[in-house]
Amino acid sequence: ILRDLKDNVTQGNTLYPTNTWEFNLRRSYQSKAIANCFQVKQVMQTAIRNLPVDAEKCMPYVTMIEAAIKSLKNWKKSGNRTLKAIQAKEATAVLAADSPREV
């Protein structure tokens with residue numbers, strides 16, 4: 001799960017979207033990374049319930065996972081401005097392609 005988390009963050013971070021398809025691909029990696037964090041948290045909760053571990057010793061890790069989730073969600077949300085710019089650029093391109101051309 002942690003390898004998948006690292007891969008999803010890395011893949012999302014290497015994309016600098018210039019069109020809607022790339023933006024959606026990046027957002028998909030961001031969503032997968034958030035899901036990976038929840039998976040890690042679930043595994044930790046299962047371990048705390050079923051193994052002889054001190055729950056208090058695990059709390060700093062749970063806190064770190066929750067902070068990572070918050071950071072990933074903020075990263076994902078910050079892309080909204082980028083999406084608006086991409087959509088405006090694409091709309092302008094469509095209008096330019098549809099407009100009649102002088103010969």
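Refer to the structure printed above.
Residues numbered from 1 in each chain as written. Predicted model: local features only at pLDDT ≥ 70, side-chain atom pairs only at ≥ 80, totals over all residues. Heavy atoms only, no water.

## Details of the overall build of the protein
1) Next: Across its full length, the protein carries 3 helices and 0 strands.
2) Next: Shown N-terminal to C-terminal, the secondary structure of the protein runs as helices and strands in the order α-α-α.
3) Next: Expressed as lengths along the three principal axes of its C-alpha atoms, the size of the protein is roughly 80 × 20 × 20 Å.
4) Next: The burial tally for the protein puts 24% of its 103 residues in the buried class. (Helix = DSSP H or I, 4+ residues; strand = E, 2+ residues; numbered from the N terminus. Buried < 20%, exposed > 50% of the residue type's maximum accessible area, 1.4 Å probe, protein only.)

## Things to note about the nonpolar core
1) Next: Core analysis: the largest hydrophobic core is formed by 12 residues, namely Leu5, Ala33, Ile34, Cys37, Val40, Met44, Cys58, Val62, Ile65, Ile69, Leu72 and Trp75.
2) Next: Counting residues per element, the ones that place at least two in this core are helix H2 (20-50) and helix H3 (55-98).
3) Next: For this core, the element with the most residues is H3, which contributes 6 residues. (Core = buried A, V, L, I, M, F, W, Y, C linked by side-chain atoms within 4.5 Å.)

## Quick look at the side chain of Gln30
1) Next: Tracing the chain through its elements places Gln30 in helix H2.
2) Next: By relative accessible area, Gln30 is classed as buried at 5%.
3) Next: Once residues within four sequence positions are removed from consideration, Gln30 is found in contact with Trp75 and Lys76. (Contact = heavy atoms within 4.5 Å.)

## Thoughts on the pattern of salt bridges
1) Next: The final tally for this structure, using the stated rule, is 2 salt bridges.
2) Next: As a salt-bridge pair, Lys6 and Asp7 come within 3.1 Å of each other at their nearest N and O atoms.
3) Next: Asp7 sits in the partly exposed class, given a relative accessible area of 29%.
4) Next: Between Glu66 and Lys41 there is a salt bridge, and its shortest N-O distance comes to 3.0 Å. With Glu66 in helix H3 and Lys41 in helix H2, this pair connects stretches of sequence that are 25 residues apart.
5) Next: The partly exposed category is assigned to Glu66, whose relative accessible area is 38%.
6) Next: On the accessibility criterion, Lys41 (17% relative accessible area) is buried. (Salt bridge = Lys/Arg side-chain N within 4 Å of Asp/Glu carboxyl O.)

## What to know about the packing of helix H1 (residues 2-14) against H2
1) Next: Direction vectors running N to C along H1 and H2 enclose 155°, while the axes themselves pass 8 Å from each other. The orientation of H1 with respect to H2, classified from their angle, is roughly antiparallel. Considering the relative orientation of H1 and H2, their crossing is left-handed. When H1 is examined against H2, the residues Leu2, Asp4, Leu5, Asn8, Val9, Gln11, Gly12 and Asn13 are found in contact with a partner set consisting of Arg26, Tyr29, Lys32, Ala33, Asn36, Cys37 and Val40.
2) Next: Of the residues that constitute the contact of H1 with H2, the class distribution is 7 nonpolar, 5 polar and 3 charged. (Axes fitted to C-alpha atoms, helices over the stretch in contact; angles between N-to-C directions. Parallel < 35°, antiparallel > 145°, perpendicular 65-115°, else oblique. Left-handed = near helix turned anticlockwise from the far one by under 90°. Nonpolar A, V, L, I, M, F, W, Y, C, P; charged D, E, K, R; others polar.)

## Some points on the environment of Val62
1) Next: Structurally, the position occupied by Val62 is in helix H3.
2) Next: Residue Val62 is classed as buried on the basis of its relative accessible area of 10%.
3) Next: When the C-alpha atoms of Val62 and Gln42 are compared, they prove to be 9.8 Å apart, with 20 residues separating the residues in sequence.
4) Next: Beyond its immediate chain neighbours, meaning those up to four positions away, Val62 contacts Lys41 and Met44.

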